[in-house]
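Each chain, written out:
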Amino acid sequence: MKIAILGYGTVGKGLVQMIEGNKNKRNIEITSILVRDKNKYKSSKYANIITENIEDVFKEDIDILVELIGGLHPSYEYIKRALESKINVVTANKDMLAEYGDKLVKLAKENNVSLKFEASVGGGIPVLKPLTESLEGNSIDSMYAILNGTTNFILSKMYNEGLSYDEVLKEAQELGFAEANPEADVEGYDAARKLSILSTLAYNGRVYWKDFYLEGISKIDMKDINYAKQMGCKIKLVGQSKKKNEKVSGYVRPVLVDNNNLLSQIDNEYNIVVFNGDSIGELSFVGKGAGKEPTGSAVYADVMDIFNNRIAKIDQFTKEKIEVEKTINNKCQALLRFKSPKKEEIISLINACIDEYDVIDDNDELAVMVYAGSEYEINNILCLIKDKGYCEESRKLLKIS
Ligand code: NAP
Ligand code: HSE
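Every value quoted in this text rests on a predicted model; they were computed, and no experiment measured them.

Some remarks on the UniProt feature "domain: Homoserine dehydrogenase catalytic" (unreviewed entry) in the chain
Okay, so step 1: UniProt's feature table lists "domain: Homoserine dehydrogenase catalytic" (unreviewed entry) at residues 126-304, given in the numbering used throughout.
Okay, so step 2: Counting secondary structure, residues 126-304 comes out at 40% helix and 27% strand; the distance between its end C-alpha atoms is 14 Å.

Right under this line is the structure:
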């Protein structure tokens, strides 16, 4: 069994550790490891097979190419070349699947080889395999999830330890949870890419990540955290999607989650995915969503699936694109925050438009919890407040019970 590994960072090292730990059961030969700067690895026990030259990788006779570089390029070109050369591919790269999943799945099929990507969603949690294999026969009509370890780690530490956003982001980077460019984590792109992969597999049509409503956590401050505590909630970056009448709706956004909700129990780098299937009902998957060992475990399992010929079809990526609706079109609650001297005017406008609301704070700033028929209704009020010149900038955080 011969594999080549592209990338020897957090996940690459996690995979090698798994291979070493299971040596007695499975002898996997690593033919080469591609890195950007091999000087960093002079004292590594793998120094003799570490290279900066992709040609060194492809000149070997390999069964599987494991792509753990990340990003779109040159990873896309390397994966494409492997598939065209009839080499199986395992990757943890959600950016790649979310952008080029259709092309790569098609290419794998044409060349009669496998493309596996369990680690691309939920880190160490086996979730794609259960979704595509164990839940076959179920129609999944919705899902909600926490899909990013870095942001969940940041929000947990801000909430539990009162630490600042910047210092926890730094810690998440040091622990290997964050992406090379952490903007993908904190602005919600990473979670949206994962939600699009899950939604594509669940709804049997391509769901594009940029079509979701998308908002990250970079604007969450200690005031939000304190309001959450005051209301018996936590703040989580939540991804949700639903399929109804051949249309999908979905978002990735920070949300106030009631302390009684299962999602509020998921802290630090842990992730959760909850599916709703017509036969199975609600089904949850929880585990470590980022980090060396958990992700190495998921990549290793994909490698073993290929060696053991346990291959499921994943045609969903090649299907038609599905239209995505961004706004929540049913009853919802939201915390609205305004920095404005015209607090009374804002409250009387809310009072005129909405039946139910609670003023949470009217000291430093105005914070109001509103209960509305839909998110459109809330957005209309915010537009009105802006048009009347009462407040230029407001903040809105949805709440789920
Ligand atoms: P990482 O720690 O930054 O490691 C990246 C590795 O790729 C490094 O060894 C780097 O070389 C190498 N590399 C980067 N650009 C390259 C290029 N152009 N040519 C050759 N080698 C290059 O990244 P990671 O955290 O392991 O993530 C790898 C992939 O797994 C990404 O797609 C990520 O989204 C995904 N993933 C990560 C996690 C996680 O918890 N970290 C979890 C799930 C999925 P040098 O060592 O020389 O810099
Ligand atoms: N940066 C990602 C996260 C890694 O924090 O969830 C796992 O995909």
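Describing the site of ligand 1
Okay, so step 1: Every one of the 24 residues lining ligand 1 counts as a neighbour, but Tyr8, Lys40, Tyr41, Glu179 and Gly291 are closest to it.
Okay, so step 2: Contact distances for ligand 1 include 2.8 Å between an oxygen atom and a backbone N or O atom of Tyr8.
Okay, so step 3: With respect to ligand 1, the side chain of Glu179 contributes an N or O atom lying 2.7 Å from an oxygen atom.
Okay, so step 4: For ligand 1, the accessible surface in isolation is 910 Å², of which the surrounding protein chains cover 86%.

Points about the UniProt feature "domain: Aspartate/homoserine dehydrogenase NAD-binding" (unreviewed entry) in the chain
Okay, so step 1: As annotated by UniProt and renumbered to match this structure, "domain: Aspartate/homoserine dehydrogenase NAD-binding" (unreviewed entry) occupies residues 7-118.
Okay, so step 2: As a span, residues 7-118 carries 39% helix and 16% strand, and end to end its C-alpha atoms are 17 Å apart.

Here we look at the site of ligand 2
Okay, so step 1: By nearness alone, every residue bordering ligand 2 is listed as Lys94, Asn148, Gly149, Thr150, Phe177, Ala178, Glu179, Asp185, Asp190, Lys194, Gly289 and Ala290.
Okay, so step 2: At 2.7 Å, a side-chain N or O of Asp185 approaches a nitrogen atom of ligand 2.
Okay, so step 3: Relative to its free-state accessible area of 250 Å², ligand 2 is covered by the protein chains to the extent of 93%.
Okay, so step 4: Broken down by secondary-structure element, the contributors of at least two residues to the shell around ligand 2 are helix H6 (149-161) and helix H9 (189-203).
Okay, so step 5: A class-by-class count of the residues in the shell around ligand 2 yields 3 nonpolar, 4 polar and 5 charged.

Parameters at a glance
- Residues numbered from 1 in each chain as written.
- Chains lettered and ligands numbered in written order.
- Predicted model: local features only at pLDDT ≥ 70, side-chain atom pairs only at ≥ 80, totals over all residues.
- Heavy atoms only, no water.
- UniProt positions renumbered as here; feature names shortened; annotations may be inferred.
- Helix = DSSP H or I, 4+ residues; strand = E, 2+ residues; numbered from the N terminus.
- Near = heavy atom within 4 Å.
- Polar contact = N/O pair within 3.5 Å; in protein donor to acceptor, adjacent residues only side chain to side chain.
- Areas by Shrake-Rupley, 256 points an atom, 1.4 Å probe, with all protein chains shown as cover.
- Nonpolar A, V, L, I, M, F, W, Y, C, P; charged D, E, K, R; others polar.

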